[in-house]
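# Geometric and topological summary
Here is what each chain is made of, one letter per residue.
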Amino acid sequence: MAERPALARPLTLLMAARLIVNTAVRFTYPFLPAIARGLGISLQQGGVLISARWLAGLTTPLAVGAAGRGERRRRLMIVGLAFFTTGMVVTAATNLLVGAVIGFALTGLGKPLFDIGAQSYVSDRTPYHRRARYLSILELTWAGGLLVGAPLAGLAIQRFGWRSPFWILGGLGALALIATSRIVEDDREVPGGRRARLEMDGQATTFLVVVAMFTAAAELPVVVFGAWLEDGFGLGLLALGGVATVLAVAEALGEGAVLGIADRIGKRRSVALGLGMSAVSFALL
């Protein structure tokens, strides 16, 4: 198709950048006990870091309205990566809980800004009947953050201390920011200077509520994931990374299924199938 060559280069960059960002989010769950010990705080206080990151994400609509005004996807991604990189550096440089909270909050603000910009950028450049396939390629980096990033983070923590993954990811985030500013093109001008305005109807509002409930259901178990495996089964850092790898393989299979069938069976059926399978999985857990 005509859009493939033009999209291939920026899509590859966005996948690499999202792998960096997703790794930063995902490795903190299994290794939260190690991070808490490094800061000299309890695991309960360590949970405050995750809460700060999550709460910062609630400001995303306001931040998108300011940074992404005028449908500027590229600028939104750059701002998101800037917040992300700053958050990584602040967390690594601090030895106090308050500093780590600020760093996690900046990361929590930067990740959704980048994600929204990247997903919108890809969506704008792909036809609707193939959009799930392209977005699922981008989403493979979510599993990649656990499949590739978490074990490497475990090795880094074991050899160089709890700060090392934050320094490394902060440096990679800075490189991703520079590459995004040079490779990702500006948004195309809309003919006539205006884009059709979308209204928030009842279906859209309901979908947002469902997404919020699903996110909360998915977030709560993983906050205690690392501590549960460490305390209940006596797993060390490398073993925690190995368990994370197994889970990431399962996620990758799910994302691969989206790539293969979502456009064929329809977006609505895909959402219903995913929610149904998740409900059964949470019940079994």
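Each remark here, short or long, concerns the structure printed above.
Residues numbered from 1 in each chain as written. Predicted model: local features only at pLDDT ≥ 70, side-chain atom pairs only at ≥ 80, totals over all residues. Heavy atoms only, no water.

### A word on the packing of helix α6 (residues 97-124) against helix α7 (residues 128-160)
- Where α6 contacts α7, the two axes come as close as 9 Å, and the packing angle between them is 150 degrees. With respect to each other, α6 and α7 are oriented roughly antiparallel. The element α6 and its partner α7 pack so that their crossing is right-handed. Contacts between α6 and α7 involve K111, A118, Q119, V122 and S123 from the first element and R131, Y134, L135, L138, E139 and W142 from the second. (Axes fitted to C-alpha atoms, helices over the stretch in contact; angles between N-to-C directions. Helix = DSSP H or I, 4+ residues; strand = E, 2+ residues; numbered from the N terminus. Parallel < 35°, antiparallel > 145°, perpendicular 65-115°, else oblique. Left-handed = near helix turned anticlockwise from the far one by under 90°. Contact = heavy atoms within 4.5 Å.)

### With respect to the packing of aromatic side chains
- The full count for this structure, using the stated rule, is three aromatic pairs.
- Ring geometry for W162 and F166: centres 5.9 Å apart, planes at 75 degrees, overall edge-to-face.
- In this structure W162 comes out as buried when scored by relative accessible area, which is 9%.
- F166 gets classed as buried once you look at its relative accessible area, which sits at 1%.
- These aromatic residues form a ring-pair network of at least three members: F27, F104, W162 and F166.
- Just above the ring of Y29 sits the side chain of R53; from NZ or CZ to the centre is 5.3 Å.
- The ring centre of Y121 lies 3.8 Å from the NZ or CZ of R125, which sits over that ring. (Phe/Tyr/Trp six-rings, centres within 6.5 Å; stacked < 30°, edge-to-face > 60°. Buried < 20%, exposed > 50% of the residue type's maximum accessible area, 1.4 Å probe, protein only. Lys NZ or Arg CZ within 6 Å of the ring centre and 35° of its normal.)

### Here we look at the side chain of T180
- Following the sequence through the fold, T180 ends up in helix α8 (residues 164-183).
- The class for T180 is buried, based on a relative accessible area of 0%.
- Ignoring any residue separated from it by four or fewer positions in sequence, one finds T180 in contact with L13, R74, M77, I78 and L81.

### Structural notes on the environment of I265
- Tracing the backbone through its elements, the reader meets I265 in helix α11 (residues 237-265).
- What makes I265 partly exposed here is its relative accessible area of 31%.
- Between the C-alpha atom of I265 and that of L11, which follows or precedes it by 254 residues, the distance is 25 Å.

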